[in-house]
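Architecture at a glance
Now for the letters of each chain:
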Amino acid sequence: MQKRYNKKASITVFLTLLLLLSASFFFALLETARIRGLGTKADIVSDAALESVFAEYQKEIYENYGLLMLDCAYGSGNFAIENVEKRLQEKNLNNLKQSEKELYGINLTECKMTGYQLLTDDGGNVFRHLAARTAKREALVQEVDDFAEEIQQKETLEQENGTVEERLEEANKTIEEVEQAKQAENTESAEKPEQAENTESAEKPQQAENTKNTGNTEKKEKVWDISAQKPQEEVKNPIEDANQWKKSAVLSLVVRDESQLSNKAIALEHTLEHRQKETGNLPVQGAILEELWFVKYLETHMGSYRQISSNHALDYEWEYILNGESSDRDNIKETVKSLIMIREIANMGYLIQDQQKCIEAEELAVALMGWSMNPPVVDATKWGILAAWAYSESILDVRALLEGRRIAWIKNAEQWTTGINQTGEAVDGFAMAKDCENGWDYLKYLQFLICMKKDSAVNYRSMDIIEVNTNAMYEKSIQMDHMMTGCESRVSYEAEPLFWNMITIQRLGMETFQIDRCNQYTYF
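Residues numbered from 1 in each chain as written. Predicted model: local features only at pLDDT ≥ 70, side-chain atom pairs only at ≥ 80, totals over all residues. Heavy atoms only, no water.

1. A few points about the overall build of the protein
The condition that has to hold: Going along the chain from the N terminus, every DSSP run of H or I of four or more residues is numbered as a helix, and every run of E of two or more is numbered as a strand. Buried means the residue's accessible area, taken with a 1.4 Å probe over protein chains only, is under 20% of the maximum for its type, while exposed means over 50%, and partly exposed covers the values in between. Two residues form a contact once any of their heavy atoms are found within 4.5 Å. The Shrake-Rupley method, run with a 1.4 Å probe, gives the accessible areas here. Residue values count only the displayed protein chains as cover.
When helices and strands are counted, the protein shows 17 helices and four strands. When the 524 residues of the protein are sorted by exposure, 45% land in the buried category. Relative to all contacts within the protein whose residues are 6 or more apart in sequence, the contacts with residues 24 or more apart total 80%. Accessible surface, the protein: about 29300 Å² in total, of which carbon and sulfur atoms supply 48%.

2. Brief notes about a nonpolar patch on the surface
Operational definition: The patch calculation keeps residues exceeding 30% relative accessible area without a salt bridge and links them within 9 Å when they carry like charges or within 5 Å when they are nonpolar (Val, Leu, Ile, Met, Phe, Trp, Tyr). Salt bridges are identified by distance alone: a Lys or Arg side-chain nitrogen within 4 Å of an Asp or Glu carboxyl oxygen.
A cluster of nonpolar side chains, namely Phe14, Leu15, Leu18 and Leu19, defines an oily patch on the protein surface of about 410 Å² accessible area. Turning to its location among the elements, Leu18 is positioned in helix 1 (residues 13–54). On the basis of relative accessibility, which here comes to 40%, the residue Leu18 falls in the partly exposed class.

3. Focus: helix 10 (residues 290–301)
Put simply, the rule is: In this scheme, a helix's expected span is set at 1.5 Å multiplied by one less than its residue total.
A rise of 1.5 Å per residue sets the reference length of helix 10, with its twelve residues, at 16 Å; its end C-alpha atoms lie 16 Å apart and thus fit the reference within 8%. Across the twelve residues of helix 10, nine count as buried, placing the element largely inside the fold.

4. Thoughts on the environment of Met369
You can see Met369 is positioned in helix 13 (residues 355–369). With twelve residues separating them along the chain, Met369 and Thr381 place their C-alpha atoms 7.4 Å apart. Non-local contacts of Met369, meaning those with residues more than four positions away in its chain, are made with Ile175, Val178, Val377, Val378 and Thr381.

5. Thoughts on the pairing of strand 3 (residues 483–495)
Put simply, the rule reads: Between any two strands, pairing holds if DSSP finds at least two bridges.
Along strand 3, ten of the 13 residues are buried, which leaves the element largely enclosed by surrounding structure. Pairing of strand 1 (residues 70–71) with strand 3 involves two bridges; the strand directions are antiparallel. Within strand 3, the position partnered with Asp71 by the bridge is Met483. Relative to strand 3, strand 2 (residues 107–118) runs antiparallel, the two being bridged by ten bridges.

6. Structural notes on the confidence of the model for the protein
Using the following cut-off: How sure the predictor is of each residue is captured by pLDDT, a score from 0 to 100.
With 84% of its residues at a pLDDT of at least 70, the protein reaches an overall mean of 84. Across residues 198–232 the pLDDT falls below 50, and counting only partners more than four positions away or on other chains, this stretch makes 15 contacts in the model.

7. Regarding the pattern of salt bridges
Evaluated as defined, the whole model comprises 24 salt bridges. Here Asp43 ties to Arg517 by a salt bridge, and the two come within 2.3 Å at their closest N and O atoms. In this pair, Asp43 sits in helix 1 while Arg517 sits in strand 4 (residues 513–522), placing the two residues 474 residues apart along the sequence. On the basis of relative accessibility, which here comes to 21%, the residue Arg517 falls in the partly exposed class. Put simply, Glu56, Arg87, Glu90 and Lys91 are held in one network by salt bridges that share partners.

8. Brief notes about the packing of aromatic side chains
This is how the line gets drawn: Classification of ring pairs uses Phe, Tyr and Trp, with its six-membered ring standing for Trp, and accepts pairs whose centres are within 6.5 Å; under 30 degrees between planes counts as stacked, over 60 as edge-to-face, and the remaining range as tilted.
Taken as a whole and assessed by the stated rule, the structure comprises 16 aromatic pairs. An angle of 85 degrees between the planes, with centres 6.0 Å apart, marks the rings of Phe127 and Phe294 as edge-to-face. Of the two residues, Phe127 sits in helix 4 (residues 121–138) while Phe294 sits in helix 10, which places them 167 residues apart along the sequence. Look at Phe294 and you get buried, because its relative accessible area is 0%. Each ring, one from Phe127 and one from Tyr297, has its centre 6.4 Å from the other, and the planes form 85 degrees; the classification is edge-to-face.

9. What to know about the state of the cysteines
What counts is decided by this rule: The disulfide criterion used throughout: a pair of cysteine sulfur atoms within 2.5 Å.
Inspection of the entire model under this criterion finds zero disulfides. In this model Cys111 remains outside any disulfide bridge; the closest cysteine sulfur is found in Cys487, 9.6 Å from its own. This cysteine, Cys487, is not joined by any disulfide, and Cys72 carries the nearest cysteine sulfur, 8.8 Å off.

10. Some details on the environment of Glu363
Summarising the element assignment, Glu363 is placed in helix 13. A residue is classified by how much of its surface remains accessible, and Glu363, at 54% relative accessible area, is exposed. Through-space distance from the C-alpha of Glu363 to that of Val378 is 9.5 Å; in sequence the pair is 15 residues apart.

11. Quick notes on the side chain of Glu319
Note the following rule: The charged-residue count follows a simple rule in which Lys and Arg add positive charge and Asp and Glu add negative charge, with His and chain termini not counted at all. Throughout this description, a polar contact denotes any pair of N or O atoms lying within 3.5 Å of each other; where both atoms belong to protein, one of them has to be capable of donating a hydrogen while the other can accept it, and for residues adjacent in sequence the pair is counted only when both atoms sit in side chains.
Along the chain, Glu319 falls in helix 11 (residues 317–323). No salt bridge is formed by the buried Glu319; its nearest oppositely charged neighbour, Arg306, is found at 9.1 Å. Within the structure, Glu319 has its side chain in polar contact with the backbone nitrogen of Tyr305 (distance 3.0 Å). A polar contact of 2.5 Å, which involves the side chain of Glu319, links it to the side chain of Tyr442.

12. Notes on the packing of helix 4 against helix 10
Think of two packed helices as two axes; the pair is described by the angle between the axes and how far apart they sit. Put simply, the rule is: Axis geometry follows a simple rule: fit a line to the C-alpha atoms, using only the stretch in contact for helices, then measure angles between N-to-C directions, giving values from 0 to 180 degrees. Oblique is the label for any angle not covered by the other classes, which are roughly parallel (under 35 degrees), roughly antiparallel (over 145) and roughly perpendicular (65 to 115).
For the pair helix 4 and helix 10, interaxial distance at closest approach is 7 Å and the crossing angle is 70 degrees. With respect to each other, helix 4 and helix 10 are oriented roughly perpendicular. Seen from helix 4, the contacting residues are Phe127, Arg128, His129, Ala131, Ala132, Arg133, Thr134, Ala135, Lys136 and Glu138; seen from helix 10, they are Glu290, Glu291, Trp293, Phe294, Lys296, Tyr297, Thr300 and His301.

13. Some points on helix 8 (residues 238–247)
Note the following rule: Read the arc as the range of directions from the helix axis to the C-beta atoms.
The set of residues buried in helix 8 consists of Pro238, Ile239, Ala242 and Trp245. The buried residues of helix 8 occupy an angular sector of 120 degrees when projected down its axis, which confines them to one face. Helix 8 presents Glu240 and Lys247 as exposed residues on the side facing more than 90 degrees away from its buried surface. Near the N-terminus of helix 8, the side chain that reaches the backbone nitrogen of Ile239, with its oxygen 3.0 Å away, is that of Asn237.

14. As for the environment of Pro497
For Pro497, the location among the structural elements is in the loop between strand 3 and strand 4. Under the relative-accessibility criterion, Pro497 is labelled buried at 8%. Taking the C-alpha atoms as reference, Pro497 lies 6.9 Å from Phe513; in sequence the two are 16 residues apart.

15. Section: unusual backbone geometry
Even without being glycine, Phe430 reaches a positive phi, approximately 55 degrees. Mapped onto the elements of the fold, Phe430 is located in the loop between helix 15 (423–428) and helix 16 (442–452). At Glu475, a position not held by glycine, the phi torsion is positive, near 55 degrees. For Glu475, a relative accessible area of 74% translates into the label exposed.

16. Notes on the side chain of His482
Mapping His482 onto the fold places it in the loop between helix 17 (457–474) and strand 3. For His482, a relative accessible area of 4% gives the class buried. Excluding its chain neighbours within four sequence positions, the residues that come into contact with His482 are Leu70, Asp71, Cys72, Ala73, Gly77, Phe79 and Glu278.

Structure below.
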């Protein structure tokens with residue numbers, strides 16, 4: 001028969017409390033570790049969701065222009081930041097798919113865009129910044145042309161020598177005043193012929209008597225015969241030629257065949273400069289050096305008169321960026337005017353430094369206006385001749401640039417083309433300036449003009465080109481002011497306590513954990 005042994009077992013209150021405290025401490029450690037894990041999961045999920053949203057960049061623009069940007073309208077043409085918030089929420093929910101009893105289970109409670117930056121913000125400087133970064137990334141050689149010296153030289157020459165227009169206007173005004181004064185003098189002389197004859201008859205006997213009395217010991221003072229000093233027919237006045245050229249259509253002076261010019265045009269009322277734009281609420285940061293890289297970007301991705309991009313809305317894209325006219329023809333016309341203007345300044349600066357050419361201009365001024373016996377008139381005419389000479393050379397320069405030749409910023413004697421007496425024949429005969437080995441080509445002169453423009457219009461017009469070309473080629477309705485380049489988001493999650501509920505000493509009243517995550521993302 002089996003024996004039974006009965007023993008009394010007992011546990012003290014102190015030990016019971018000690019076990020409860022130990023278990024509570026152990027579960028608290030587990031919950032604390034779980035909370036850290038929940039935070040890590042929230043970081044991963046929120047980062048991945050935001051990156052997934054920005055991974056849906058505008059593909060066509062990236063393929064053609066190398067720029068990363070997110071269309072907040074998603075191709076619909078209707079901008080709403082809620083569209084992006086909805087996509088961010090979807091990405092978060094997809095990343096949070098989990099089983100019901102997952103150790104690190106969290107739920108999404110709120111998804112909000114607290115700040116965002118659009119491509120057109122700060123006058124389009126966001127686009128300029130992004131384009132510069134793209135150019136630097138794509139560049140084979142990490143250097144760009146710096147036009148700072150030439151821009152400073154251009155401003156100095158313009159300040160010291162004046163413009164061709166000012167010199168021509170001054171010369172024309174002076175010559176006109178002298179001609180009017182001479183005409184008035186001739187009219188007055190014709191009205192009093194008899195009085196002049198009587199006076200002359202009375203003076204002749206007295207002069208003869210005086211001559212006789214002096215024994216012809218004194219010679220008669222030499223008089224400058226004004227009529228004999230008037231310019232002859234064969235002496236050509238380049239100022240008159242310049243006046244006629246300035247009245248002509250500028251394209252007829254520099255384009256060999258105007259019928260070959262593009263007639264493409266766009267509607268300006270739909271461009272960024274002329275419509276209401278969406279705006280972001282994040283600050284914009286950039287660097288001064290990016291000005292030059294931005295020009296490098298345009299060189300790589302935009303067409304021009306010398307390098308037309310096929311199937312684009314405009315053939316002369318650089319020219320549109322410079323001038324903002326609706327048609328190619330108007331844009332090339334304004335570009336030609338700008339090129340002639342800067343070539344006038346540079347050519348005028350060279351002429352003034354060339355002593356021989358200044359002497360030639362002065363001799364021609366004396367031949368034209370020496371009859372006036374007025375040194376200021378001759379001097380004004382000299383400056384007008386130099387201005388006309390610089391203008392004619394500038395026309396030949398722009399012709400050469402449009403034909404693919406290179407023109408030096410400041411020429412030397414060997415690179416100068418026109419003679420002072422051949423300006424009319426050179427312009428009317430469609431001559432071109434000499435090709436300069438160390439000169440700039442047409443595109444580099446356009447880059448120089450872009451660098452002199454500091455306004456936001458250049459940024460907006462560059463984006464116009466991208467917008468109209470993308471919409472035309474892919475039949476889309478995108479708008480550049482709907483494009484996001486960066487944002488700040490706030491996402492909130494909640495998780496139910498797991499080990500915390502096993503602590504039985506005292507209910508802490510903590511039903512859920514709240515986890516907030518703020519993230520930033522930018523394409524820069």
